[in-house]
Amino acid sequence: MKLIYIITVIIFTSQLLNTYDHTIYVDLKQSSFKETQQLEEIFYQKLEIKTNLPKMLNIFLDRKAEVRQDVPLNIWQNIKLSIDYDFFKTQVISIIPNYYTEIEMQELLVHYHEKPHLPITKIEFRKELSIIVQNFIDNEFYDTANSILSSNGYMPLDN
Amino acid sequence: MDIDCECRIDLDDPCANSDLINYEVDPLVKNMIDARQQPNTMAYSSAMSKSFKLETIKDGWGDINQDRYSIKINSLPPGYTSFQLFNDIRMNFSNLVVGGDIAYVTDVNLEPYSSQDDIMWNSNNPIGAAMDFDTIFDTSTVICVDYNAEKMYWIFATVTSYDHQGHFVAGVRQFGLEANASGGYSFYIRAADRLGGVLDYVANGLSGDEEVLFTQAADKTWKNLMEEAESFIQSLGGDVDEFDETKTYGNRHNYNEDDCLN
């Protein structure tokens, strides 16, 4: 009887420990995943594409506004404010780990910590970014701009 | 002598742009560049940072790119001297630099690095003016390191700037106006540069991918600039031959390992 009790205690304790270990493991794994996500986000925030994409698209809209003077300036302003760059950010963040390891990201962030930006150091990353940019412009940018123009009774932009 | 541009072009000459390959920035200009500082915006203090670091062709890696593009100007715009046209091209330069052929992805916006550079660039002596080439990806800064009103040219050199880290080439590029063999003029661009700057050599190596940066971005930007310059001169009333990038004057020079570096 005593033996059966001991065995039961061992099995129960073992299961508890396993559960505890598993919980710790899952927590660690999730924590590590979150840290990696944060690292990729910090990495993205230092890339100049974050500021240059809106800057260049706003310049494009300013040039369109000069030609399309039938459209009031507040409509162009509304378009600029309505473009959801979070969609672009999410896409870029999702591909960063394909090109940079955690160590590489950390090294670059340390190296450029006193600079406003860190450079795109890999050609392959740049090439995939160009595909994401093109998709973003063809879809999110044009859809938003043309939806606002159309709903206000103006001709859409040519794509 | 190339019959299409009435200018000197030898695509097989590995030393065609040897003056640019071996170009050394004047020490006084280098001192001026080295002395430029700006607030370190990341330090939350009054600390100052160096604004620029020259990225010379020797800092780069891979094959040297040599190019020389020309447009043939048969007659100047009415009432213009050659210098006036040269000066007008420089003063309108930001309108002529539009970027490559892939819409948006290779678009370029040219603007001064700062208000101080704006004043310098638009003065009679633009040496030291820093200019930013913005693309959707990043911004590359160059500095006017040479200007010669008599010979009608200026030279941009690549730098890494405090504000921007974006250059993928290192070297120099010359823009100028010169008399051609048929009594007219040529507006030309010449360069000697190679990959370098921020690109990680170990990560990228020489896989062939690097050629994309020249063919789809840099090279097209300069060819499109020639087309914009052609339209600009025509808009002033000048007579210009159409820039045809398939002609000899629209080709990059062949590279040879014996590239005149030594």
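Above this text is the structure in question.
Residues numbered from 1 in each chain as written. Chains lettered and ligands numbered in written order. Predicted model: local features only at pLDDT ≥ 70, side-chain atom pairs only at ≥ 80, totals over all residues. Heavy atoms only, no water.

Asker: When you look at the pairing of strand 8 (residues 153–161) of chain B in this model, what are you seeing that I'm missing?
Answerer: Along any regular strand the residues' side chains alternate between the sheet's two faces. Residues and elements named next belong to chain B. Burial runs high along strand 8: 9 of the 9 residues are buried. Where burial is concerned, the two faces of strand 8 agree: the one with Tyr153, Ile155, Ala157, Val159 and Ser161 and the one with Trp154, Phe156, Thr158 and Thr160 are both buried. Relative to strand 8, strand 3 (residues 52–54) runs antiparallel, the two sharing 3 bridges. Paired with Leu54 across the strands is Val159, a residue of strand 8. Bridge analysis of strand 7 (residues 139–148) against strand 8 gives 7 bridges, and the strand direction is antiparallel. Looking at strand 8, one finds that Ile143 is bridged to Ala157. Between strand 7 and strand 8, which follow one another and run antiparallel, lie 4 residues, and Met152 among them has a positive phi close to 55 degrees. (Buried < 20%, exposed > 50% of the residue type's maximum accessible area, 1.4 Å probe, protein only. Helix = DSSP H or I, 4+ residues; strand = E, 2+ residues; numbered from the N terminus. Pairing = 2+ DSSP bridges.)

Asker: Would you explain the environment of A:Leu47 in this entry?
Answerer: Residue and element names in this part refer to chain A. Checked against the element boundaries, Leu47 lands in the loop between helix 1 (2–46) and helix 2 (49–67). Since its relative accessible area comes to 1%, Leu47 is described here as buried. Once the C-alpha coordinates of Leu47 and His117 are considered, the two residues, 70 residues apart in sequence, prove to be 5.6 Å apart.

Asker: Which parts of the structure should I look at to understand the side chain of B:His164?
Answerer: Within the secondary structure, B:His164 sits in the loop between strand 8 and strand 9 (169–179). A distance of 3.1 Å separates polar atoms of two side chains, one belonging to B:His164 and the other to B:Asp132. Look past the residues within four positions of B:His164 in its chain and what remains in contact with it is A:Glu48, B:Tyr113, B:Asp132, B:Thr139 and B:Thr141. (Polar contact = N/O pair within 3.5 Å; in protein donor to acceptor, adjacent residues only side chain to side chain. Contact = heavy atoms within 4.5 Å.)

Asker: Can you help me understand the pattern of salt bridges in this one?
Answerer: As a working rule, side chains carrying opposite charge can pair if their charged atoms are close by. One pass over the structure, following the stated rule, counts 18 salt bridges over all chains. Two residues, A:Glu124 and A:Lys127, come together in a salt bridge whose shortest N-O distance is 3.3 Å. Placement of both A:Glu124 and A:Lys127 in helix 6 (residues 123–151) is noted, with a separation of 3 residues, approximately one turn of the helix. Linking B:Lys58 and B:Glu24 is a salt bridge whose minimum nitrogen-to-oxygen distance equals 3.6 Å. On the criterion of sequence distance, the pair formed by B:Lys58 in the loop between strand 3 and strand 4 (61–75) and B:Glu24 in the loop between helix 1 (18–21) and helix 2 (27–35) is long-range, its members being 34 residues apart. Through salt bridges with shared partners, a single ionic network connects A:Lys55, B:Glu111 and B:Asp134. (Salt bridge = Lys/Arg side-chain N within 4 Å of Asp/Glu carboxyl O.)

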